Amino acid sequence: MKLIILNDYDQASEWAAKYIRNKILQFSPGPNKYFTLGLPTGSTPLGCYKKLIEYYKNGDLSFQYVKTFNMDEYVGLPRDHPESYHSFMWNNFFKHIDIKAENTHILDGNTADLQAECDSFEKKITAAGGIQLFVGGIGPDGHIAFNEPGSSLVSRTRVKTLAKDTIMANARFFDGDLSKVPTMALTVGVGTVMDAKEVMILITGAHKAFALYKAIEEGVNHMWTVSAFQQHPQTIFVCDEDATLELRVKTVKYFKGMMHVHNKLVESPPSEPKKN
Amino acid sequence: MPSNKSVSDAPITQFINCRILRDNELQREDLWVREGRILDPEKLFFDEQGYADKRVDCGGSIIAPGFIDVQINGGYGIDFSQASEDVSDGVSFVAKKILEHGVTSFCPTLVTSPPEVYHKVLPQVKVHDGGPHGAGVLGEVLQMLLLQTCLRKRSRCSGTRAPTAAENGVCFTSCKLPCAGFHLEGPFISAEKKGAHPEKYLRTFKSGGLEHLMEVYGSLDDVAIVTLAPELPGSQSVVRELSQRGITVSLGHSAADLSQAEEAVQQGASFITHLFNAMLPFHHRDPGIVGLLTSDRIPAGRVVYYGMIADGIHTNPAALRIAHRAHPSGLVLVTDAITAMGLPPGRHTLGQQVIEIQGLHAYVAGTKTLSGSIATMDMCVRHFKQVSGCSVQEALEAASLHPAQLLGISPKKGKLDYGSDADLVLLDEGLNVKATYISGEEVWRKGQ
C-alpha cells in the first residue's frame, strides 16, 4: 500500500487528480486502446473532479479515449432526479469534459431485472479489458461503494440493501427526509474492485479517520470492507491530515517520510517537443 | 431505459461561455438547442449518447429569454392602427426591426379606432411564430398553449376545425381558437382618462355584451389582450366572457375605484395597462386601480400583472420603485411604443391623431399630453434596473417571464427551461443587446 498524506482536502484532491492524469497520459490511450477508469460519487471526490476538469480545459488531458465505470447507483430513483448518481456524474464531471457518452457506464437502477443489469455490467468491464485504475472512497463504516459491513470480500456487482447508517448519512441530500432516501442500490462488489489493476482510495476528513484506521492498521475484515485492499498488489490511499487522526504516529511518520518518493508520481509530465 | 439514439436527427447547437437566466438566477451553464427548443443535455448524453454539432461561443454574454412586448402601437413609421391595405407588411416590418431590441414576441396594439379600422386591420394579420423574418406575433403560440385550456373545455370549443392529432394530451392541429395576437386598447374606455385616444370613437358597452364587441371589432380571432374600463356599465359580463375565451382582460384608461377594479379581477381581469398613466392617482382612502397591487381580494392562485413604461418619462422613478417594491412579481415592462419609435424628431401619425417628437418625449401635437413612448424595450430594461436597483435577473424577468406568465404562454415562452422555445437574447454586462435568436436561429447580431 502507498499511503499519501496531504495537508488538507484541496491538496489531497489535487494530488489524486494529478495521479490520475499521469496514469492516463502514461498509458497513451488511443482508438484501439482505451484507458478504463472506475469512478466514485459523493462529496470526497468533488475536488478531484474539479481538478481533472481543469486539466482538460488547459489542454493537458483528454478523455476522448477513456472509458469509465461508476461504482454504484440507487435503485428506483429516476435517472434525472438531482440526487441520482447519473445526475451527479453529469453535473460534476461529464458535462465539463470531452468524454463520449457511449464510453461511460453507470448501473441502471430502474431496470426490471436488477441482477441481470449487474451481470451485464460485469461483462462490460471484462469486454473493456478490465479496469486500469479504480478510484473509490470510504464510508464512515469502512464500506467501499455500497459494500456495507458484512459484505463478502469476494462479492461481485449486485443489489444491496443500504445500512441504516448509510441512509442517515444520505438523508441530507433528500431534504433531511428519511422516507425519501432510497433503501437499495446496485453496487460493484469488493471482488469487482479487487480485479482492477490498481486501486486508489480517497479519504478526507476527521469523520473518516476511524474507518481508515480499521482499514489499514487492523486485519482484513468483512465488517470494514475497504480492508480487503490490503490484499491487492497496487493500492494507494490518498488522505488529508484529519483522516489520519486515528492512526499510529509511527504509521503516519513512515509514510510521510516517503512523500518525496511518492511525489514523483504526480510530477507534470515532460512536454514532448513536437516532431515535424 | 437508456434508449437508442435518434430521438431526432436534427442538428444540436451548444451555447458555451455564457450565463443563462434560469430558475430566477443567472447560472454559469451551457445552453443546448435542438429543433428550435431548449434541450436537456443530460438526457441527450445518457439517452441518446448525443453531443453538439455546433458550438457558439458567447464571450461571457448573458442569455435571457427573448423579450415580449405586450403593448406596442407601431414604430419606424408604421402605425398599427392605420387602416392601410398592407397592415401585414407593416407588422412584419416592425417585427423585424424590434429584433434589435431583443424582442422576439409582441402584441401589435391598436388604440381606440372606429369599427372600420378594426374590421380592416385585424383580419390582415394572422398570428405567427417568429423567425428570421421577425418577431412572432403572439397568437399561434398562444393557440398551442391555449389548446391545453381548450382540451379542458372541449364541449365549448368554438374552433373552426375539430382537433384531430394529439400529442402528450395536447392537440397540435391548428385549431383556430378565438384568442391570440393583438392588444386592443379601447374603444371601451373612460372619456375622462382617454389620454391620447380620440374621444369621438370611444364607446360604452351595449346590452348583449360580447356580441356588441364582435360588431365593433369584427373578430376576436388573433386577439390576445383587450384593455377596457371596468366602471363602464355592463363591463362585468364582458370581462367574464372575454376571460373565458382565453383573452387577457386589462384595466386601463379608466377612472375606476378599487372595488370596481377588484370586481373586474374577480371576473377574470389580470392585467393593468400602463400603471399610473390614464387612471385615478393613488389615494390613501381609495387607491383606485393602483390598489390592485396590494389588494387582498384577488382570487387565490391568481396574479394581477401590471404594465410599466420604464422610459424615465411616463413614470417618475420613485413611483416605479413603489410599484416594484409593492408587487415585484407582477411587473411587466412594456414600451407602448408609437409610430415614431426609431424615427427622427418631427410630426407623425398615431391612430386618428398627429403627434410630435421632442427629444425622448412624444406629445399629442399642440399639447403636453404624452402620446406614447419611443423608448425601446432594451432601453426600458436598462432604465428599470438602474432606477429600481433590482437585480439583473429581475430586470430581465420583467421583460420576458412576467409577460409570458401574463399571457399564459410560459414556460413555452419567457423561460429557458428544457422544452421552452429557444427565443433568446444575448446581452452584455450593461444589458445591451448583442444578438437575438428565434427558435435557436440567429436573427440579428450587433454590427451586422
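Residues numbered from 1 in each chain as written. Chains lettered and ligands numbered in written order. Predicted model: local features only at pLDDT ≥ 70, side-chain atom pairs only at ≥ 80, totals over all residues. Heavy atoms only, no water.

A.B. asks: Help me understand the sheet that holds strand β23 (residues 433–438) of chain B in this model?
C.D. replies: Pairing between the strands of a sheet is mediated by backbone hydrogen bonds and can be parallel or antiparallel. Residues and elements named next belong to chain B. An order of β3-β2-β7-β22-β23-β24 is seen for the six strands of this open sheet, with the pairing classed as mixed. Of all strands in the sheet, those with a lone pairing partner are β3 (25–27) and β24 (441–445), marking the two edges. On average, adjacent strands in this sheet sit at an angle of 30° to one another, irrespective of strand direction. As defined by bridge partners, strand β22 (residues 424–427) adjoins β23 across four bridges and the pair is classed as antiparallel. Bridging across to β23, Val425 finds its partner in Thr436. (Pairing = 2+ DSSP bridges. Helix = DSSP H or I, 4+ residues; strand = E, 2+ residues; numbered from the N terminus. Axes fitted to C-alpha atoms, helices over the stretch in contact; angles between N-to-C directions.)

A.B. asks: Hey, could you run me through the interface of chain A and chain B in this one?
C.D. replies: Put simply, an interface is often sized by how much accessible area is lost when its parts join up. Every contact between the two is made by 15 residues of chain A and, on the other side, ten residues of chain B. Both sides together, the interface formed by chain A and chain B hides about 1300 Å², and carbon and sulfur atoms give 61% of it. It is Arg79, Trp90 and Ala101 of chain A that lose the most area in chain A upon contact with chain B, and together they represent 50% of the buried surface on that side. With a closest N to O distance of 3.6 Å, Asp80 of chain A and Lys43 of chain B form a salt bridge. Here chain A is connected to chain B by three residue pairs in polar contact (both at pLDDT 80 or more). Residue composition of the side of chain A that touches chain B, by class: five nonpolar, four polar and six charged. (Contact = heavy atoms within 4.5 Å. Buried area = accessible area lost by both parts, 1.4 Å probe. Salt bridge = Lys/Arg side-chain N within 4 Å of Asp/Glu carboxyl O. Polar contact = N/O pair within 3.5 Å; in protein donor to acceptor, adjacent residues only side chain to side chain. Nonpolar A, V, L, I, M, F, W, Y, C, P; charged D, E, K, R; others polar.)

A.B. asks: Is there a simple way to think about the sheet that holds strand β1 (residues 12–16) of chain B in this case?
C.D. replies: Residues and elements named next belong to chain B. With mixed pairing, the four strands of this open sheet are ordered in space as β5-β4-β1-β6. Where the open sheet ends on each side, the last strands, each with one partner, are β5 (37–38) and β6 (54–57). Sheet topology note: the strand β4 (residues 31–34)/β5 ladder contains two bridges and is antiparallel. Within β5, the position partnered with Val33 by the bridge is Ile38.

A.B. asks: Looking at this structure, how should I read the UniProt feature "domain: Glucosamine/galactosamine-6-phosphate isomerase" (unreviewed entry) in chain A?
C.D. replies: With numbering aligned to this structure, UniProt lists the feature "domain: Glucosamine/galactosamine-6-phosphate isomerase" (unreviewed entry) at residues 10–234 of chain A. With 32% helix and 15% strand, residues 10–234 of chain A has its two end C-alpha atoms placed 24 Å apart. (UniProt positions renumbered as here; feature names shortened; annotations may be inferred.)

A.B. asks: Hey, could you run me through the pairing of strand β14 (residues 223–228) of chain B in this one?
C.D. replies: Consecutive residues of a regular strand have side chains that alternate between opposite faces of the sheet. Residue and element names in this part refer to chain B. The buried fraction of β14 is high, at six of six residues. Where strand β13 (residues 182–185) meets β14, four bridges bridge the pair, whose relative direction is parallel. Bridge pairing in β14 places His183 opposite Ile225. In this fold, β13 hands off to helix α5 (residues 209–217), which returns the chain to β14; that crossover is right-handed. Note that β14 and strand β15 (residues 248–251) share four bridges and pair parallel. Its bridge partner lying in β15, Leu228 is registered against Leu251. A crossover links β14 with its parallel partner β15, the connecting element being helix α6 (residues 235–244), and its sense is right-handed. (Buried < 20%, exposed > 50% of the residue type's maximum accessible area, 1.4 Å probe, protein only. Right-handed = clockwise from strand over helix to strand, strands pointing away.)

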